[in-house]
Amino acid sequence: LAARETHARMTPALKRRLTEQLTAMEAAVASDDVARFMRHHEQFHHLYIDHCGNRLLIDMIRDLRLRGTRLRYFFPHTRENCRDSLRVHRQIALQIGDRSCDLQLVEQTVRGHIERMVGLDGWEL
């Protein structure tokens, strides 16, 4: 829902900031710096979630993400995991930023990303 709402409220400034986070994520993958990747990954999500314009939704998602953050520190991140994540985040940024992109596709991409992350081995901690 946050991705769908942000899609309708996208600004050039937000597009630029999302791209900056993607660039930083790419640099982190290239230098095999998982901690840096995770910081920029978190910022990427905060940017578009916070831009959705729905305070209740923002608070709910932040609470859920905070709970998941604890598990992320135990997940055995690899360069390949980060590359896969980066690929999906590029797709999300392109779709959210493209006004002609179908809202169902935006939702499907974000939902698929969440479902893949929850289904990865290591999350059952």
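Just above, that's the structure.
Some details on the pattern of salt bridges
Part 1 of the argument: Tallied over the entire structure, the rule returns five salt bridges.
Part 2 of the argument: For aspartate 50, the salt bridge is made with arginine 62, and the minimal N-O distance between the two is 2.6 Å. One end of the pair, aspartate 50, is in helix 3 (residues 34-50); the other, arginine 62, is in helix 4 (residues 55-72), and twelve residues separate them in sequence.
Part 3 of the argument: Judged by its relative accessible area of 34%, aspartate 50 is partly exposed.
Part 4 of the argument: Where aspartate 59 meets arginine 55, a salt bridge forms, and the shortest distance between an N and an O atom there is 3.0 Å. A residue pair is termed a helical-turn pair when its members lie 3 or 4 positions apart in one helix, as aspartate 59 and arginine 55 do in helix 4 at four residues.
Part 5 of the argument: The exposure class of arginine 55 is exposed, given its relative accessible area of 52%.

Quick look at the packing of helix 2 (residues 12-30) against helix 5 (residues 79-97)
The geometry of a pair of packed helices is captured by two quantities: the angle between their axes and the separation between those axes.
Part 1 of the argument: In the contact formed by helix 2 and helix 5, the axes pass within 10 Å of each other and the chain directions differ by 165°. Classified by the angle their axes make, helix 2 and helix 5 are roughly antiparallel. Seen along the crossing, helix 2 lies across helix 5 with a hand that is left-handed. Across the interface between the two elements, Lys15, Leu22, Met25, Glu26, Val29 and Ala30 from helix 2 touch Arg79, Cys82, Arg83, Leu86, His89, Arg90, Ala93 and Gly97 from helix 5.
Part 2 of the argument: Split into classes, the residues belonging to the contact of helix 2 with helix 5 amount to seven nonpolar, two polar and five charged.

Section: the nonpolar core
Part 1 of the argument: Grouped together as the largest cluster of nonpolar side chains are 28 residues, with contacts concentrated most on Leu18, Phe37, Phe44, Tyr48, Ile92 and Ile96.
Part 2 of the argument: Sorting the residues of this core by element identifies helix 1 (2-9), helix 2, helix 3, helix 4, helix 5 and helix 6 (103-119) as the ones contributing at least two each.
Part 3 of the argument: Apart from the residues within four sequence positions on either side, phenylalanine 37 is in contact with Met25, Ala28, Val29, Cys82, Ser85 and Leu86.

Topic: unusual backbone geometry
Part 1 of the argument: The phi dihedral of aspartate 32 falls on the positive side, at around 55°, and the residue is not glycine.
Part 2 of the argument: Position of aspartate 32 among the secondary structure elements: in the loop between helix 2 and helix 3.
Part 3 of the argument: Judged by relative accessible area, aspartate 32 falls into the partly exposed class, the value being 46%.

A look at the environment of aspartate 50
Part 1 of the argument: Separated by twelve residues in sequence, aspartate 50 and arginine 62 place their C-alpha atoms 9.2 Å apart.
Part 2 of the argument: Polar side-chain contacts of aspartate 50 include one of 2.6 Å to the side chain of arginine 62.

Overview of helix 1
Part 1 of the argument: For helix 1, every residue scored as buried is listed here: Ala2, Ala3, Thr6 and His7. Seen along its axis, helix 1 keeps its buried residues to an arc of 140°; they face one direction.

As for helix 5
Part 1 of the argument: For helix 5, built from 19 residues, the straight-helix expectation of 27 Å at 1.5 Å per residue is met to within 8% by its first-to-last C-alpha distance of 27 Å.
Part 2 of the argument: Of all the residues in helix 5, the buried ones are Cys82, Ser85, Leu86, Val88, His89, Ile92, Ala93, Gln95, Ile96 and Gly97.

Conventions used here
- Each chain carries its own residue numbering, running from 1 in the direction its sequence is written.
- Predicted model: local features are reported for residues with pLDDT of at least 70 only, side-chain atom pairs are reported and counted for 80 or more only, and whole-chain, interface and lining totals are derived from all residues.
- To get the side-chain values, take all heavy atoms of the structure and skip hydrogens and water.
- When a carboxyl oxygen of Asp or Glu lies within 4 Å of a side-chain nitrogen of Lys or Arg, that pair is called a salt bridge.
- Only DSSP runs of H or I reaching four residues or more are called helices, and only runs of E reaching two or more are called strands; each is numbered from the N terminus.
- Exposed residues in this analysis have more than 50% of their type's maximum accessible area, buried residues have under 20%, and partly exposed residues fall in between, with area computed by a 1.4 Å probe over protein chains only.
- Convention adopted: a line fitted to C-alpha atoms gives each axis, helices being fitted over their contacting stretch, and angles between N-to-C directions are expressed from 0 to 180 degrees.
- Comment on the angle field: the value is read as roughly parallel under 35 degrees, roughly antiparallel over 145, roughly perpendicular from 65 to 115, and oblique elsewhere.
- When the near helix sits turned anticlockwise from the far one by under a right angle, the crossing is termed left-handed; a clockwise turn instead gives a right-handed crossing.
- For this analysis, residues touch if any pair of their heavy atoms sits within 4.5 Å.
- In this count, Pro and Cys sit with the nonpolar residues alongside Ala, Val, Leu, Ile, Met, Phe, Trp and Tyr, while Asp, Glu, Lys and Arg are called charged and the others, Gly among them, polar.
- Here, the term nonpolar core denotes a set of buried Ala, Val, Leu, Ile, Met, Phe, Trp, Tyr and Cys residues that are joined through side-chain atoms within 4.5 Å.
- For this analysis, a polar contact is any N or O atom pair within 3.5 Å, provided that within protein one partner can donate a hydrogen and the other can accept it, and provided that sequence-adjacent residues contribute only side-chain to side-chain pairs.
- Here the arc refers to the directions that run from the helix axis out to each C-beta atom.
- One less than the residue count of a helix, multiplied by 1.5 Å, gives the span that helix is expected to have.

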